[in-house]
Amino acid sequence: MGLVMGHMVVTACAGFIGSHLTDRLLADGHAVVGIDSFEDCYPRAMKEANLAGARANPAFTLHEANILDLAAEAAPGGPGPGEGAEGSALAALLRGSACVYHLAAQPGVRASWGSSFEVYARHNVLATQQLLEACGAAQVPKVIYASSSSVYGDQDELPLHENMVPRPRSPYGVTKLAGEHLCGLYHANRGLDTVALRFFTVYGPRQRPDMAFYKFISAMLEGREIVIYGDGAQTRDFTYVDDIVEGLVLAQSAPPGALMNLGGGNRVSLAEAIATLGEVMGVQPRLAVRPVEAGDVRDTWADVECARALIAYSPTWSLSAGLLAEVARFA
Ligand code: NAD
Ligand code: UGA
C-alpha cells in the first residue's frame, strides 16, 4: 500500500536521528511538521545546529513543545472536533498527516537508573501512549515508532531476532519495550497502523554526545584517553544513521503491526571499533579501562531478515566509511 497524500510528522526532529530523517523527508519533497521539546540532556546549541538546514526550508514547520503538554492542551482556535484526545492541540497537529514518525524519547542506556527513571517513564512511556491516543483520534494512517536493540537484553543466542522473548537489562530498555507494547496494543485494539523498528547502536554525524563514538572522537581530537567500560570485547552491531533513515522511509510501506530489527551489518567488538576509528583519524588511541556499566549488554547483532523481507531493507555503510563521515563532520 502506498502512502496517502499529506504532511509527515517527526517527533524528536531536533535530535540526532530525527534531524537526519527530517532532512531526508524534506529532500524527498514532503512537507514536514516537527515536534521537539529541546530537552536539556545535551546542549540546545547542538540541536539548533541539527535543525539549521530544515529551518531554512519553507516546507518545514517546527513546534517546540512537549508531546505531553500538547496532549493536555485544547486545539487552538476554539473548540476542537471533540473531547479529550480528539480535541487536543496534539491531534490538531497530526490530523491530515500521511505518517507520524515517533522518535521522541529520553535516550541512553546507562543513565536510566535511580531517580532519572521518572524522566524515562514520562518521555518514553506516557508520551508514547498520549501520542498513540492522538494518532487514533486524528485517524493517522501510519505510525512508525523508534524502538531499540536494548529491548533484547542479553540473550543466549545471536543474532538477535524478533521472535526472541525480550529481556531488557536497563530501565531504558524497559521503557522502550513498553512503547513497543503500546504500539502493538493500539494496533490490535484500536486498529491503528503501527510499525516498530528496533534500531541497533546508531552512529554518524550529529551523534548524541553521551554515545561512545562521539566521546571517543572528542577524546582523540583533544589528546585525552578513551574511557572504555569493560574489556573492550563487548560487541555492537553499529548502524550508520543513513541506513536507519533509509529503513524509516521504507517502513512507510511496512504491513500494519510489523516489528523489525534495523541493524547495520557491522558487528564488531568495541576494541576493533576503536582501532578502526584510530586508523580513520590517524591517531593511536590511548585507553583508560573502567568497570562495565550497569545496564550495558554484552553483545548485539541484528538479524535483519525480517526487515529485508518486509521492506527490502539492506544496509550499505561499512564501519570505516561511516566513521570517516562522522569524523569529517564532527563539530
Ligand atoms: P536524541 O536525544 O538526539 O533525540 C531525541 C529528541 O526527542 C530530543 O531532541 C528531545 O528534545 C526530544 N524529546 C524527548 N522527549 C520529548 C517529548 N516528550 N516531547 C517532545 N520532544 C521530546 O536521541 P536519538 O539518539 O536521536 O534517538 C532517537 C530515538 O531513537 C529515540 O526514541 C531512541 O530511543 C531511539 N534509538 C536510538 C538509538 C541510537 O543509537 N541513537 C538506538 C536505538 C533506538
Ligand atoms: C545505543 C544508544 O545510546 C541507545 O539510545 C540505544 O537504544 C541503543 O544504542 C540501542 O542499540 O538500542 P549503546 O549500545 O550503549 O546504546 O551505544 P554507545 O553509547 O555508543 O556505546 C557502545 C559501547 O561503548 C557500549 O558497550 C558502551 O559501554 C561502550 N562505551 C560507551 C564505552 O566503553 N565508553 C564510553 O564512554 C561510552
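Our subject is the structure listed above.
As the structure is a prediction and not an experimental result, all values here were calculated from the model.

Trainee: Tell me about the site of ligand 1, residues and numbers included.
Mentor: In the vicinity of ligand 1, 28 residues are found, and the nearest of them are D36, Y42, Y172, K176 and V202. Note that an oxygen atom of ligand 1 is positioned 2.8 Å from one of the backbone N or O atoms of L103. When isolated, ligand 1 has an accessible area of 830 Å², and the protein chains bury 98% of it. Per element, the largest residue contribution to the shell around ligand 1 is three residues, and it comes from strand β5 (residues 143-148). When grouped by side-chain class, the residues that make up the shell around ligand 1 number 16 nonpolar, seven polar and five charged.

Trainee: Give me the lowdown on the site of ligand 2, citing residues and values where you can.
Mentor: Neighbouring ligand 2 are 23 residues, the closest being R110, S148, S149, Y172 and D296. At a separation of 3.4 Å, an oxygen atom of ligand 2 approaches a polar backbone atom of F199. Expressed as a share of its isolated accessible area of 700 Å², the protein-covered part of ligand 2 is 95%. Elements with a contribution of two residues or more to the shell around ligand 2: α7 (212-221) and β8 (226-229). Classifying every residue of the shell around ligand 2 gives twelve nonpolar, six polar and five charged.

Trainee: Give me the lowdown on the packing of aromatic side chains, citing residues and values where you can.
Mentor: Within this structure, the stated rule accounts for eight aromatic pairs. With centroids separated by 6.1 Å and ring planes inclined at 80 degrees, the aromatic side chains of Y120 and Y172 adopt a geometry described as edge-to-face. One end of the pair, Y120, is in helix α5 (residues 117-137); the other, Y172, is in helix α6 (residues 171-190), with 52 residues separating them in the sequence. Residue Y120 shares its accessibility class with Y172, and that shared class is buried. Summarising the aromatic geometry, the rings of Y203 and Y240 are spaced 5.5 Å apart at their centres and angled 70 degrees between planes, so their arrangement reads as edge-to-face. One end of the pair, Y203, is in strand β7 (residues 202-203); the other, Y240, is in strand β10 (residues 239-240), and 37 residues separate them in sequence. For Y240, a relative accessible area of 2% translates into the label buried. Taken together through their ring pairs, the aromatic side chains of Y203, F213, F238, Y240 and W317 make up a single cluster. A cation over a ring is seen here: R44 above F38, with NZ or CZ 4.1 Å from the ring centre. Above the ring of Y152, the side-chain terminus of R198 is found at 4.7 Å from the ring centroid.

Cut-off values and rules
- Residues numbered from 1 in each chain as written.
- Chains lettered and ligands numbered in written order.
- Predicted model: local features only at pLDDT ≥ 70, side-chain atom pairs only at ≥ 80, totals over all residues.
- Heavy atoms only, no water.
- Near = heavy atom within 4 Å.
- Polar contact = N/O pair within 3.5 Å; in protein donor to acceptor, adjacent residues only side chain to side chain.
- Areas by Shrake-Rupley, 256 points an atom, 1.4 Å probe, with all protein chains shown as cover.
- Helix = DSSP H or I, 4+ residues; strand = E, 2+ residues; numbered from the N terminus.
- Nonpolar A, V, L, I, M, F, W, Y, C, P; charged D, E, K, R; others polar.
- Phe/Tyr/Trp six-rings, centres within 6.5 Å; stacked < 30°, edge-to-face > 60°.
- Buried < 20%, exposed > 50% of the residue type's maximum accessible area, 1.4 Å probe, protein only.
- Lys NZ or Arg CZ within 6 Å of the ring centre and 35° of its normal.

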